[in-house]
Each structure stands twice: as C-alpha cells, then as structure tokens.
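Single-letter residue listing:
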Amino acid sequence: MKYLSLFLAVAFLALSCGQKNSRSCCQAPNASDATAVFASLSDDAAFRNAHPSPETMSDTTFQGKMVAFDTESGEKGNGYLVSAAPTNTKYLLLFHEWWGLNDYIKKEADFWRNELDINVLAIDLYDGKVTNVADEAGKLMQANDPLRSAAIIAGAEKFIGPSADFRTMGWCFGGGWSLRAALQLQARTKACVIYYGMPEQDIEKLKTLQSDVLFIHPDQDKWISKEVVSDFEANMKKAGKRTSVHHYDTDHAFANPSSPRYNEQAAKEARAVVKGYLMGK
C-alpha cells in the first residue's frame, strides 16, 4: 500500500498542540503531524470510497442541546452538551468523524451520558459544517486548522470550568483528535479512547500524556493498519505509558450504526470494552 511507508515515516514526527510545560494552543503544528497525515489520505480515491455515505437516522430526538463558548481565536466554538443528572464534574469529550458533528455523534453523546451518568460534550471541530458526501468530507478534513481546533478545545475546557476532569473519545478523524485533546488537557485527562484514528507517534510528546489509552482497532483497516497500531503500542511503552488495544475482524467505521459498514456484534463488544474502561475512570 503506497501510503503505508508515508505513515511509518512521518507519523513519528507528529506534533501535538500542547507542549510539556505550556498550555499554549497557538504554536504552529508540524506539517507532518498525525492528523495532517490522516487528512492527506482524502486525496486517495480508495480512501474516499471506503467511506460510503452515512444513512439518515430515523430518530432525531435528542436529550441535550447545542452550546456556544468563547475561544482564543475570537470566533465562538460549538458543541452538543448532554448534562449528567445529578450534576457532577466528570466530563466525556467526543470528537466527530470526518463528516462533522452530525446526528450520529449526538446520539453517541446521549448514549454515553445514560450509560455512565456523566456530562458529555461533543465538540464541533468544523464550526458547523456537516456533510454526508465523502468528497466533501475529505475537503472539510483537509481544511481543518489544527490551531483553530486546539483553540476550540481550550475554549471548551474554560467553558466547562476548573473543577472538571476529562475523558476523551473519537472516531476516525476524531480518533486522532481524542489523543491530541488528551495531550492538550494534560493532568485533567483521566482516560482516552481512540476508535480507528491516526495516533501520535512522537515518543517525547507521548511522555507528556497523563492518562492511559484504549485503542479500538478493526484489523481490516488498510489505513490505520496493524503496523501503525503496533508502532503506537511500542512508542507508548517507550514513553512509559499504558495502552490497551482491542482488535476486531472488521473494517474502518464498523462502530457507526449509520454506516453501511456497521458491524452490530463487533460494535456491541467494543462498546462493552469502552464502558468497562471508562467506568473505572
């Protein structure tokens, strides 16, 4: 696969927004960072074709609400918030696929609030843009500005307040951002879940991670390959961090019920693993 060598060569150069002793989100990202590598895949027709358009969800009743918050970049950030009842200070931050903050992600927020009795904020990294067309999704992903996304995450952190702690979870494009957010939020991060996202591979950056990582990996994924995941495991070990990888004989997007690639049995098994992990956090 022509992209495999690219992954292995440049993923090690990934640069997260946060630095070990700085909370600034205004440092220019390395052009070869993990999210940039993943975004470049949208130039590949095979990658785009591997993302069939999601089906329209029949149930569009939601338990939460859209919220807006200030960011350092001046523009408002947005997210879908489902609050816990009774109120607590535990938050799960969700990061959407390359389609944007769509109904599926809002349903995931509702689901995890109910499963964990936790506040859930699904963060919009596309500033309101949503699509169900792969070509358009690829353009949105490539147009995503890491500095803007880091500013949105920082704005969400400030909006939630200083007493909260965080868990992060994302899928596909959002899987990479789940890890980047965990790095950015530093000691406030209690857990990180990656569903088939491009992981940070820079050992020095991984040393700054304050949580372990749960990685959900479909073994048929040709882009977030077994080699990419194995390298991540090795680099996490070198960084002195813990990671747990759960493998499923499925393909990319298997956990999305709105995707034609949805595998119900594997998705249920993965959800049980994720729930068990997050329950302990």
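Structure: see above.
Draft legend 1. View of the side chain of T71. Looking at the secondary structure, you find T71 in the loop between β1 (65-69) and β2 (77-82). Since its relative accessible area comes to 12%, T71 is described here as buried. Polar contacts involving the side chain of T71 include one to the main-chain carbonyl oxygen of E75, which spans 2.5 Å. The residues contacting T71, other than those within four sequence positions of it, are K76, G77, R148, A151 and I152.

Draft legend 2. Here's a closer look at helix α5 (residues 134-143). Along α5, the residues that are buried comprise A134, A137, G138, L140 and M141. For α5, the angular spread of buried residues about the axis comes to 165°, placing them on one side. Exposed positions of α5 whose direction lies more than 90 degrees from the buried face are K139 and A143. Tucked into the core, α5 has its buried residues touching α2 (34-40), α3 (45-49) and α7 (173-185).

Draft legend 3. Broad picture of the sheet that holds β1. Here eight strands make up an open sheet; going across it, the order is β1-β2-β4-β3-β5-β6-β7-β8 and the pairing mixed. In the strand order of this sheet, the two ends are held by β1 and β8 (243-248), each with one partner. On average, adjacent strands in this sheet sit at an angle of 20° to one another, irrespective of strand direction. Across three bridges, strand β6 (residues 189-195) lies against strand β7 (residues 213-218) in parallel orientation. Residue pairing across strands places V193 opposite L214, the latter belonging to β7. This element, helix α9 (residues 226-238), spans β7 and β8 of the sheet and lies at about 165° to β7. Contacting β3 (90-95), β5 (165-171), β6, β7 and β8, helix α10 (residues 264-279) crosses the sheet at an angle of about 170° to β6.

Draft legend 4. The arrangement of unusual backbone geometry in detail. Backbone torsion omega between A85 and P86 reads 0°, so that peptide bond is classified as cis. At D117, a position not held by glycine, the phi torsion is positive, near 50°. Relative to the elements of secondary structure, D117 occurs in the loop between α4 (103-116) and β4 (119-124). At D127, a residue that is not glycine, the phi angle is positive and equals roughly 50°. Tracing the backbone through its elements, the reader meets D127 in the loop between β4 and α5.

Cut-off values and rules
Residues numbered from 1 in each chain as written. Predicted model: local features only at pLDDT ≥ 70, side-chain atom pairs only at ≥ 80, totals over all residues. Heavy atoms only, no water. Helix = DSSP H or I, 4+ residues; strand = E, 2+ residues; numbered from the N terminus. Buried < 20%, exposed > 50% of the residue type's maximum accessible area, 1.4 Å probe, protein only. Polar contact = N/O pair within 3.5 Å; in protein donor to acceptor, adjacent residues only side chain to side chain. Contact = heavy atoms within 4.5 Å. Arc of directions from axis to C-beta. Pairing = 2+ DSSP bridges. Axes fitted to C-alpha atoms, helices over the stretch in contact; angles between N-to-C directions.

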